[in-house]
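# Inside the fold
Now for the letters of each chain:
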Amino acid sequence: MKRYILIIVAACLAAFSASAQVNEVKGAFVEQLQKRDSILIADQLRYGFQLNDVEDGTRIFLPELADTLMRDVDVIKGWQIDTLKTHKKPSLRHDISGSIVIAPWEEGEYHLPRLAVRRVSPSGVVDTLVFDEQVMDVRTMPVDTATFVIKDVKEPVNYPVTFAEVLPYILGFLGVAALIAGIVAWIVARKKKKEQEQHKEPAYIVALRKLDKFRGDKFWAPEKQKTYYSGITDALREYIEARFEVDAMEMTTAEIFDALKGAKDITPDLYNETKDLFELADFVKFAKHTVSDDENAKALPSAVRFVTSTYQTQLEEESTEKEAK
């Protein structure tokens, strides 16, 4: 509601100034909140007035109403003031309406009381506007007494439950069941993975087991040397990745040994020896280099020496962690 006009509810009409001019005017209305062709018992209606071209700054005093407007007609909601339209020329003026909500409780014709509204203009002129009464004809639903027969109250009708009604509940149950199953599966998989990690063999044991497959001279033949050196270096790459947290499987030889440079448990001699082994393996794998039997005999011991020399430090670290716990 736009508040261009100051609205004041008076304590009673008797408090109005005796010098105020009284004017009988039209503009009262009574209308249903739910539109229909007749007014029925307990219908709610708006009863009020409309004023046009009210000068901006005008004060309006409304009569205070009791909870019962008249016999069998109650006031459901008190005064409400609305600005219907604003005119800006030649001066600022407003069309306003004021109304209450009433409800009749008996059939009959009602002559609603007049509404007296006091108006004080910005210049101080006081007048009282008395809006004409409205007639309200309240009816009941017509009943044919000649054919009307009172019957017993019937029991509620029981309709069979259809599949379409049950389907949402079935889908909801299946969705909840699937969610629970997914959560349980995730918990079991996580627990299993954790147990596997706890029982996982140390990296040095895995590496030594893989290197043990290349013992003997059966891979020394020129046509098998690529398999021989690939197997040895791949076992070392996996060990380096697990032991030193270096992504050795995706690195070149130069990148691996750049990452291992300065590792505290790799001595310079061991570092150079293992690097030479990797470089020799690269010649065999990519340049089709043929290695002598003496070099073949040194390759596997060199790889084993790297693993056994570096895992001792890991054992000491694990032992320290257990003692700390």
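Residues numbered from 1 in each chain as written. Predicted model: local features only at pLDDT ≥ 70, side-chain atom pairs only at ≥ 80, totals over all residues. Heavy atoms only, no water.

### Digging into the sheet that holds strand S7 (residues 68-70)
Two strands in a sheet stick together by hydrogen bonds in their backbones, pointing the same way (parallel) or opposite ways (antiparallel). Defined as follows: Strands were regarded as paired on the criterion that DSSP finds at least two bridges between them. Comment: elements are numbered from the N terminus, with helices defined as DSSP H or I runs of at least four residues and strands as E runs of at least two. Note on definitions: angles span 0 to 180 degrees between N-to-C directions of axes, and those axes are lines fitted to C-alpha atoms, for helices only across the stretch in contact.
Taken in spatial order, the five strands line up as S3-S5-S9-S8-S7 in an open sheet, and their pairing is antiparallel. One side of each edge strand has no neighbouring strand; the edge strands of this open sheet are strand S3 (28-32) and S7. For this sheet, the mean angle separating the axes of adjacent strands, direction not counted, is 40 degrees.

### Topic: the confidence of the model for the protein
Formally: Confidence scores labelled pLDDT are given residue by residue by the predictor and lie between 0 and 100. It only takes one pair of heavy atoms within 4.5 Å for two residues to be counted as in contact.
Mean pLDDT over the protein: 84, with 88% of residues reaching 70 or higher. Every residue in residues 1-19 scores below 50 in pLDDT, and together they form 39 contacts with partners more than four places removed in sequence or on other chains.

### So, the packing of helix H3 (residues 225-244) against helix H4 (residues 253-260)
The line we're drawing: In these notes the angle categories are as follows: under 35 degrees is roughly parallel, over 145 is roughly antiparallel, 65 to 115 is roughly perpendicular, and the rest is oblique. Handedness of a crossing follows from how the near helix is turned relative to the far one, being left-handed for an anticlockwise turn of less than a right angle and right-handed for a clockwise one. Amino acid classes used here: Ala, Val, Leu, Ile, Met, Phe, Trp, Tyr, Cys and Pro are nonpolar; Asp, Glu, Lys and Arg are charged; the rest, including Gly, are polar.
Closest axis-to-axis distance for the H3/H4 pair is 12 Å, and the angle between their directions is 30 degrees. Between H3 and H4, the crossing angle belongs to the class labelled roughly parallel. Regarding H3 and H4, the two cross each other, and that crossing is left-handed. Note on element contacts: H4 touches H3 through Thr-253, Ile-256 and Leu-260, opposite Arg-237, Ile-240 and Phe-244. Grouping the amino acids of the contact of H3 with H4 by side-chain chemistry returns four nonpolar, one polar and one charged.

### A word on H4
Structurally, the α-helix is built with 3.6 residues per turn, so residues lying three or four positions apart point the same way. To keep things clear, this is the line we draw: Buried means the residue's accessible area, taken with a 1.4 Å probe over protein chains only, is under 20% of the maximum for its type, while exposed means over 50%, and partly exposed covers the values in between. Here the arc refers to the directions that run from the helix axis out to each C-beta atom.
Among the residues of H4, those classed as buried are Thr-253, Ile-256, Phe-257 and Leu-260. Taken around the axis of H4, the buried residues stretch over an arc of 85 degrees, which confines them to a single face. Its buried side turned inward, H4 meets H3 and helix H5 (268-286). Phi for Gly-262, located one or two positions after H4, is positive at around 90 degrees.

### Some points on unusual backbone geometry
One non-glycine residue, Ala-42, adopts positive backbone phi at about 75 degrees. With respect to the secondary-structure elements, Ala-42 resides in the loop between strand S4 (39-40) and strand S5 (45-55). Judged by its relative accessible area of 37%, Ala-42 is partly exposed. With a phi angle near 55 degrees, Asp-53 is a residue other than glycine that sits in the positive phi range. When you line up the elements, Asp-53 lands in strand S5.

### Section: the sheet that holds strand S13 (residues 134-139)
In spatial order, the strands read S4-S13-S10; together these three strands make up an open sheet with mixed pairing. In this open sheet, the two edge strands, each paired with only one partner strand, are S4 and strand S10 (108-112). Across two bridges, the pairing between S4 and S13 is parallel. Along S13, the bridge assignment pairs Ile-39 with Val-138.

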